[in-house]
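Structure assessment
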Amino acid sequence: MNEYQIYIKGRGHDDIAACAIVIVENGIEFFSGGKFFEGFIPTKDTIIDLLPNKMQYQMELYAVAWALTFCIKPAKVTFLTNNLAVKRWLEKGEVNEDYADIYEYCKKLSQGIEIKYEHIKKGTDGLSDKCDSIACQYEFQ
């Protein structure tokens, strides 16, 4: 069974949002990257509008779903985030209705994967810092 540690970070301001992931598979970092959205999030099924003052949360959830597409099932995944609210929502399996569309992707993609969530404080881990740096590379004015 593959084991993953996945660092996630979401950011948002005005009508611009970004997220980043750093994925460690079986102890070896094998992917890091970010995505940038302006106004909306395009998916295969629909368009999800970016929500004012809620984009950071949308991006954290998007990062979870995106990262899960890299996982080979069956798998054990530990998500690491500095966002306590998102960590709590995911642990409970409940999100505010505003985030239900993105959360559905998280649920669908998590089938066959054992998941746990951990809080990590900013500046305490090099990979967390790397993830934050990737998300911050986009200009927010």
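Nothing here was measured: the structure is a model prediction, and the numbers come from that model. (Residues numbered from 1 in each chain as written. Predicted model: local features only at pLDDT ≥ 70, side-chain atom pairs only at ≥ 80, totals over all residues. Heavy atoms only, no water.)

**Side note on the layout of surface pockets**
Sizing a probe to match a water molecule and rolling it over the atoms shows the empty space that remains. For clarity, the threshold we go by: Think of a 1 Å grid over the protein atoms and nothing else: a 1.4 Å probe that fits but is trapped marks a cavity, an open set flanked by protein within 12 Å on at least five of seven lines marks a pocket, and residues with an atom within 4 Å of a point count as lining. Grid points are joined across faces, edges and corners, and a volume is the space filled by probe spheres set on the points. Here a strand is any run of E in DSSP of at least two residues, a helix any run of H or I of at least four, and the numbering for each starts at the N terminus.
Considering only enclosed or pocket space, the largest pocket measures out at about 310 Å³ in volume. If you trace the largest pocket, you find it lined by Lys35, Thr43, Lys44, Asp45, Tyr62, Ala65, Trp66, Thr69, Ile102, Tyr105, Lys108 and Leu109. At the level of secondary structure, the elements contributing two or more residues to the lining of the largest pocket comprise helix H1 (55-68) and helix H3 (100-109). Tallying contributions element by element places H3 first for the lining of the largest pocket, with four residues.

**Quick notes on the packing of aromatic side chains**
Rule in force here: Only rings of Phe, Tyr and Trp enter the pairing, Trp through its six-membered ring, and a pair is recorded when the two centres are within 6.5 Å. The plane angle decides the type: under 30 degrees is stacked, over 60 is edge-to-face, the rest tilted.
Tallied over the full model, the rule gives nine aromatic pairs. An aromatic cluster is present here, built from Phe30, Phe31, Trp66 and Phe70 joined pairwise through their rings.

**Details of unusual backbone geometry**
The cut-off we apply is this: Think of it in three bands: residues with accessible area under 20% of the maximum for their type are buried, residues over 50% are exposed, and the middle band is partly exposed, with areas taken using a 1.4 Å probe on protein chains only.
Cis peptide bonds are those with omega within 30 degrees of zero, and the linkage from Lys73 to Pro74 qualifies with -5°. The topology assignment puts Pro74 in the loop between H1 and strand E6 (75-81). Residue Asp14 is not a glycine yet carries a positive backbone phi of 55°. Along the chain, the position of Asp14 falls in the loop between strand E1 (2-13) and strand E2 (16-25). Relative accessible area serves as the criterion here: at 54%, Asp14 is assigned to the exposed category. One non-glycine residue with positive phi stands out, namely Asn26, at about 50°. Here Asn26 is to be found in the loop between E2 and strand E3 (28-38).

**Details of the packing of H1 against helix H2 (residues 84-92)**
For the record, the criterion: Between N-to-C directions, angles span 0 to 180 degrees; the directions come from axes that are lines fitted to C-alpha atoms, helices contributing only their stretch in contact. Our angle categories are set so that under 35 degrees counts as roughly parallel, over 145 as roughly antiparallel, 65 to 115 as roughly perpendicular, and the remainder as oblique. Less than a right angle of anticlockwise turn of the near helix away from the far helix marks a crossing as left-handed, whereas a clockwise turn marks it as right-handed. By the convention used here, residues are in contact when the closest approach between their heavy atoms is within 4.5 Å. The residue classification treats Ala, Val, Leu, Ile, Met, Phe, Trp, Tyr, Cys and Pro as nonpolar and Asp, Glu, Lys and Arg as charged. All others, Gly included, are polar.
Following both chains from N to C, one finds H1 and H2 inclined at 50°, their axes separated by 10 Å at the closest point. Between H1 and H2, the angle falls in the class oblique. Judged by the twist between their axes, the crossing of H1 over H2 is right-handed. Mapping the contact onto sequence places Tyr57, Glu60, Leu61 and Val64 in H1 and Ala85, Val86, Trp89 and Leu90 in H2. Each residue belonging to the contact of H1 with H2 can be placed in one class, and the counts come to seven nonpolar, no polar and one charged.

**Section: the sheet that holds E6**
Strands pair in a sheet through their backbones, by hydrogen bonds, and they do so in one of two ways: parallel or antiparallel. This is how the line gets drawn: The pairing criterion for strands is at least two bridges between them, as found by DSSP.
Strand order in this open sheet of five strands is E3-E2-E1-E6-E7, and the pairing throughout is mixed. What marks the edges here is a single partner per strand, and that holds for E3 and strand E7 (113-119). Adjacent strand axes in the sheet meet at a mean angle of 20° when their direction is disregarded. Strand direction decides the pairing type here: E2 and E3, joined by 10 bridges, are antiparallel. Within E3, the position partnered with Val24 by the bridge is Glu29. Where H1 meets the sheet, it contacts E1, E2, E3, E6 and E7, and its direction lies at approximately 155° from that of E1. Packing against the sheet, H2 makes contact with E6 and E7, and its axis sits at approximately 150° to E7.

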